[in-house]
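# Coordinate inspection notes
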Amino acid sequence: MAAKICGGSLFLSVKTQQLLLHHPPPRTTTKTTTRFYSSKPSYPSSPSFNTSFRSNTFTVFSQVASTASDLDSAVNAGQQRLSKVPVSNIRNFSIIAHIDHGKSTLADKLLQVTGTVPQREMKEQFLDNMDLERERGITIKLQAARMRYVFENEPYCLNLIDTPGHVDFSYEVSRSLAACEGALLVVDASQGVEAQTLANVYLALENNLEIIPVLNKIDLPGAEPDRVIKEIEEIVGLDCSNAILCSAKEGVGIIDILNAIVARIPPPANTSERPLRALIFDSYYDPYRGVIVYFRVVDGTIKKGDRVYFMASGKDYFADEIGVLSPNQLQVDELYAGEVGYLSASIRTVADARVGDTITHYSRKADHSLPGYEEATPMVFCGLFPVDADQFPDLRDALEKLQLNDAALKFEPETSSAMGFGFRCGFLGLLHMEIVQERLEREYNLSLITTAPSVVYKVNCVNGDTVECSNPSLLPEPAKRKSIEEPVVKIELLTPKDYIGSLMELAQDRRAKFKEMKFITENRASLTYELPLAEMVGDFFDQLKSRSKGYASMEYNFIGYQESDLIKLDILINGDHVDPLATIVHRDKAYSVGRALTVKLKELIPRQMFKVPIQASIGSKVIASETISAIRKDVLAKCYGGDITRKKKLLRKQAEGKKRMKSIGKVDVPQEAFMAVLKLEKEVI
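Residues numbered from 1 in each chain as written. Predicted model: local features only at pLDDT ≥ 70, side-chain atom pairs only at ≥ 80, totals over all residues. Heavy atoms only, no water.

- Naming follows an unreviewed UniProt entry, where the protein appears as Translation factor GUF1 homolog, chloroplastic of Lupinus luteus.
- Quoted verbatim from the Subcellular location (unreviewed entry) heading of the UniProt record, the comment on the protein is "Plastid, Chloroplast".
- UniProt, in its Catalytic activity (unreviewed entry) section for the protein, records the words "GTP + H2O = GDP + phosphate + H(+)". (UniProt positions renumbered as here; feature names shortened; annotations may be inferred.)

### Brief notes about the packing of helix α13 (residues 500-509) against helix α15 (residues 540-547)
- Between α13 and α15, whose axes approach to 9 Å, the crossing angle comes to 160°. When the axes of α13 and α15 are compared, the pair comes out roughly antiparallel. The two elements α13 and α15 meet at a crossing, and its hand is right-handed. In contact with Ser502, Leu503, Glu505, Leu506 and Asp509 of α13, α15 contributes Phe540, Gln543, Leu544 and Arg547.
- The residue makeup of the contact of α13 with α15, split by class, is four nonpolar, two polar and three charged. (Axes fitted to C-alpha atoms, helices over the stretch in contact; angles between N-to-C directions. Helix = DSSP H or I, 4+ residues; strand = E, 2+ residues; numbered from the N terminus. Parallel < 35°, antiparallel > 145°, perpendicular 65-115°, else oblique. Left-handed = near helix turned anticlockwise from the far one by under 90°. Contact = heavy atoms within 4.5 Å. Nonpolar A, V, L, I, M, F, W, Y, C, P; charged D, E, K, R; others polar.)

### A short note on the side chain of Glu181
- With respect to the helices and strands, Glu181 occurs in the loop between α7 (170-178) and β6 (182-188).
- A relative accessible area of 14% places Glu181 in the buried class.
- Residues contacting Glu181, with those up to four places away along its chain left out, are Asn92, Leu209, Glu210, Ile265, Pro266, Pro267, Pro268 and Arg296. (Buried < 20%, exposed > 50% of the residue type's maximum accessible area, 1.4 Å probe, protein only.)

### Description of the packing of aromatic side chains
- Tallied over the entire structure, the rule returns nine aromatic pairs.
- When the ring of Phe281 is compared with that of Tyr294, the centres are 6.3 Å apart and the planes differ by 55°; the resulting orientation is tilted. Separated by 13 residues along the polypeptide, Phe281 in strand β9 (residues 277-286) and Tyr294 in strand β10 (residues 290-299) bring together distant segments of the chain. This pair shows no difference in class: Phe281 is buried, exactly as Tyr294 is.
- Each ring, one from Phe392 and one from Phe421, has its centre 5.9 Å from the other, and the planes form 50°; the classification is tilted. Here Phe421 lies in strand β21 (residues 420-427) and Phe392 lies in helix α11 (residues 392-405), a separation of 29 residues in the sequence.
- Given a relative accessible area of 17%, Phe392 falls into the buried group.
- Its guanidinium or amino end placed over the ring of Tyr309, Lys365 lies 4.8 Å from that ring's centre, counting from NZ or CZ.
- Directly above the ring of Tyr561 sits Lys458, whose terminal nitrogen or CZ lies 4.6 Å from the centroid. (Phe/Tyr/Trp six-rings, centres within 6.5 Å; stacked < 30°, edge-to-face > 60°. Lys NZ or Arg CZ within 6 Å of the ring centre and 35° of its normal.)

### Some details on the environment of Asp397
- Inspection of the secondary structure puts Asp397 in helix α11.
- The sequence separation of Asp397 and Tyr444 amounts to 47 residues, and the corresponding C-alpha distance is 9.3 Å.

### A closer look at the pattern of salt bridges
- One pass over the structure, following the stated rule, counts 21 salt bridges.
- Its salt-bridge partner being Glu339, residue Arg146 comes within 3.0 Å of it at the nearest N-O pair. Remark: Glu339 occurs in the loop between β16 (334-336) and β17 (340-347) and Arg146 occurs in strand β4 (residues 144-151); sequence separation between them is 193 residues. No difference in accessibility class separates Arg146 from Glu339, as the two residues are buried.
- In this structure, the salt-bridge partner of Glu530 is Lys515, at a minimum N-O distance of 3.8 Å. Residue Glu530 is located in strand β28 (residues 524-532), and its partner Lys515 is located in strand β27 (residues 513-519); the two are separated by 15 residues in the primary sequence.
- Assessed through its relative accessible area of 18%, Glu530 is described here as buried.
- What emerges from the salt-bridge pattern is a single network uniting Glu224, Arg227, Glu231 and Arg524. (Salt bridge = Lys/Arg side-chain N within 4 Å of Asp/Glu carboxyl O.)

### Focus on the environment of Asn89
- Here Asn89 shows up in the loop between α4 (68-78) and β3 (90-97).
- Spatially, the C-alpha atoms of Asn89 and Tyr149 are 10.0 Å apart, while their sequence positions differ by 60 residues.
- Leaving out residues up to four positions away in the same chain, Asn89 has contacts with Glu154, Pro155, Tyr156 and Cys157.

### Details of the sheet that holds β4
- Across the sheet, six strands lie side by side as β4-β5-β3-β6-β7-β8; this open sheet has mixed pairing. In this open sheet, the two edge strands, each paired with only one partner strand, are β4 and β8 (244-245).
- The sheet contact formed by β3 and β6 spans five bridges and is parallel. Each residue of the ladder has a partner; that of Phe93, found in β6, is Gly182.
- Sheet contacts for helix α5 (residues 103-113): β3, β4, β5 (154-161) and β6; angle to β3, the most-contacted strand, approximately 150°.
- The strands touched by helix α10 (residues 254-264) within the sheet are β3, β4, β5, β6, β7 (210-216) and β8, with β7 carrying the most contacts at an inclination of about 170°. (Pairing = 2+ DSSP bridges.)

And the structure:
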C-alpha cells in the first residue's frame with residue numbers, strides 16, 4: 001500500500017484511497033465512531049460537520065469497516081428474496097421527494113446494500129430505464145423492487161414502489177402511495193423543503209402513511225441539517241426528533257434507513273382469507289406478452305392460472321404468469337395479501353387494465369372495488385404534424401404504439417391548410433407533452449412540428465348545449481355562444497423572500513388572483529394564487545426560474561372551470577382566414593397578441609407581386625394590421641422625358657394589373673413562418 005508520511009501527516013495516493021473504499025480495512029485497525037450513522041439529531045453545526053466529514057478520511061473508512069458485517073449479512077439475505085415471509089414481516093414503502101433531491105440515488109443504494117442487484121450489474125439511476133430519464137434526471141415511469149433484509153435475526157421483505165416526482169403524474173403517485181403503508185420523505189439538506197415535497201407529503205398523509213424524514217446530501221459543503229429539520233417541523237408539521245441523516249452518494253446512513261423501515265413502518269393487514277382484491281398501480285405493454293400489470297394484493301391470494309376479473313373495465317383473463325419485481329421479473333406460483341408483484345395474461349390493450357383498477361377472481365368476485373379509481377383526463381392539447389408529409393402513416397403507427405405504454409395519451413386526426421395532415425393530441429401537462437414529443441422523435445425517428453399548446457375550454461351555447469373545445473377552429477360562432485369557461489389551477493410558489501416582488505408581478509401579468517402569502521421560515525415565503533391554466537402553458541415556469549435565479553419552485557392542482565371574457569383572435573392574410581394561426585385569448589390581451597403576430601408575419605412572409613395586408617381581427621373588427629409592400633417593376637425607366645400624363649398612364653396601367661393580380665393571387669405562407677409564429681405564440685399568449 002503506497003503511503004507517505006510527511007511532517008506527522010499521512011498522505012494516501014488516489015489509487016490507495018479507491019482500494020480502501022472498495023476493500024475497507026478490518027474492524028480492529030482503527031477506533032470506530034458512530035457519529036455519522038446516528039439517527040438522532042445530536043450532530044454538530046454544519047460547518048464543522050462538513051469539515052470533519054471531508055478531512056477525517058480514516059473515520060469514514062473505519063465506519064464502513066464497522067458496518068461491514070451488517071452489509072455482508074444484508075447482501076447474503078438479498079440472495080434469498082423469493083423465499084416467503086409471514087405477512088407481519090412485509091413492509092411496503094415509497095420514496096417521495098422534490099426533483100433532484102436524491103430519490104433515485106437513494107433507491108440505487110438500497111438495492112445495492114440489500115444485495116438485490118449484484119455489484120457488477122449496478123449503475124446510476126438503476127430504476128430509471130429510459131435514456132430520457134437519465135438525461136433529465138427525473139423519473140417518468142415508476143418501478144417496483146422487492147428486497148430482503150435481516151433485522152434482529154428476522155428476515156423481512158421490503159417492497160419499494162418508486163414514484164414519478166412531477167405534478168403531471170400526480171395520479172400515478174397517488175395510486176403508488178395507496179399501495180404502501182409508509183414513505184421515506186427525502187429532503188436535500190442544503191436546499192430544504194420545496195413545492196413538490198409538500199404536495200407529495202400531503203398525498204401521503206391523505207393515504208395515512210407512516211412518514212420517515214430523511215435528510216440527504218449531508219456531505220455537501222452547504223448542508224444545513226439544523227435549518228432543514230426546523231423547516232420540515234414548521235412547514236409539514238412532522239416530528240423530526242428521529243430524522244435520519246444520510247448521504248446516498250457516499251453510502252452514509254443507509255443501514256439506519258433500512259432499520260427504520262422495518263421498525264417504524266407498520267406491516268399490511270393479514271386478509272388472505274377474503275375474496276381477492278388487488279390494486280393496479282402501473283401497467284405497460286410488452287410486444288411479446290401483451291400488457292404487464294403491476295399490482296399490490298390488498299385482500300386474498302392469487303395463483304398462476306387463476307381466471308381474474310378487472311372490475312372497472314369489466315374484462316376477464318387467465319393469469320398465465322405471476323411473479324415479483326426484484327427489480328427484474330421473477331416468476332412465483334402464488335402471491336398473498338400484502339405482497340407486490342406483476343401479472344401477465346395476454347392482455348391486448350392497456351385500456352383493459354388501467355392504473356387504479358381492482359383485480360378480483362372471476363368465480364369469487366369481491367363485493368366492491370378499491371376506492372380512488374379515476375380516468376386520466378388530458379389537460380393540455382397541441383397539434384403534432386410531420387415535417388415531411390410522407391411520414392404521416394409513420395406518425396400514426398408511432399402514436400398507437402406509444403399509447404400502448406401510456407394510457408393517458410389521447411389523439412385524433414387533424415387537417416391543417418398550412419401543415420397538412422397531423423394529429424390533435426391530449427396530454428396530462430406540459431412535461432408530459434415534451435416527453436411524448438421527444439420519445440416520438442427519438443424512438444421512431446420522426447421530425448415533428450408542434451403547434452402552440454392550448455387547453456380545453458367549455459363553451460355554453462345559446463341553445464343550452466355545452467361544447468368542449470380544444471382547438472380554436474372548432475369554436476362556435478359568436479352568435480351561437482353564450483359564454484366561455486376556462487380551466488383554473490391553484491398554484492403555490494415557494495421562494496426566498498428577496499424574490500417575492502418579482503414573482504407577484506409575474507402572477508399579476510398572467511391574470512392570477514392572489515389568495516394568500518405566508519412566511520414558512522424567516523427567509524422563505526409561500527405565495528398562493530388561482531391562475532388560468534392557459535396562462536401557465538406558455539413560458540410561465542421559465543419566467544419563474546429566471547426571475548428567482550432558479551431558487552423558486554412551484555406546485556399546482558386543477559380546481560375547476562371559471563367563466564371568463566375570452567374571444568377568438570383570427571389572422572387574415574390577403575383577406576383569407578388562416579385557421580392554424582387562430583388563437584383563443586383574453587380580451588385584455590387581444591391587442592398585444594395580435595400586434596406581435598402581425599409584426600412577426602410581416603418579417604417572415606416573402607414579398608409578392610402585389611401588396612399583401614396582414615390583419616388580426618376579432619370577428620369583423622380589425623385590431624392590428626401590417627402590410628407587405630409589392631415587388632414593383634420600374635415602368636418609368638423608359639420615360640426619359642415628355643409629358644407627365646404619359647407617366648401617369650403607365651403607373652395607372654401598372655396599378656390596375658396589381659389590383660387584378662391581388663384579386664386572383666394566393667399567398668403561400670412558408671412552413672418556416674408557421675414554425676416561428678407558433679414559437680412566438682408560446683411566448684406571448
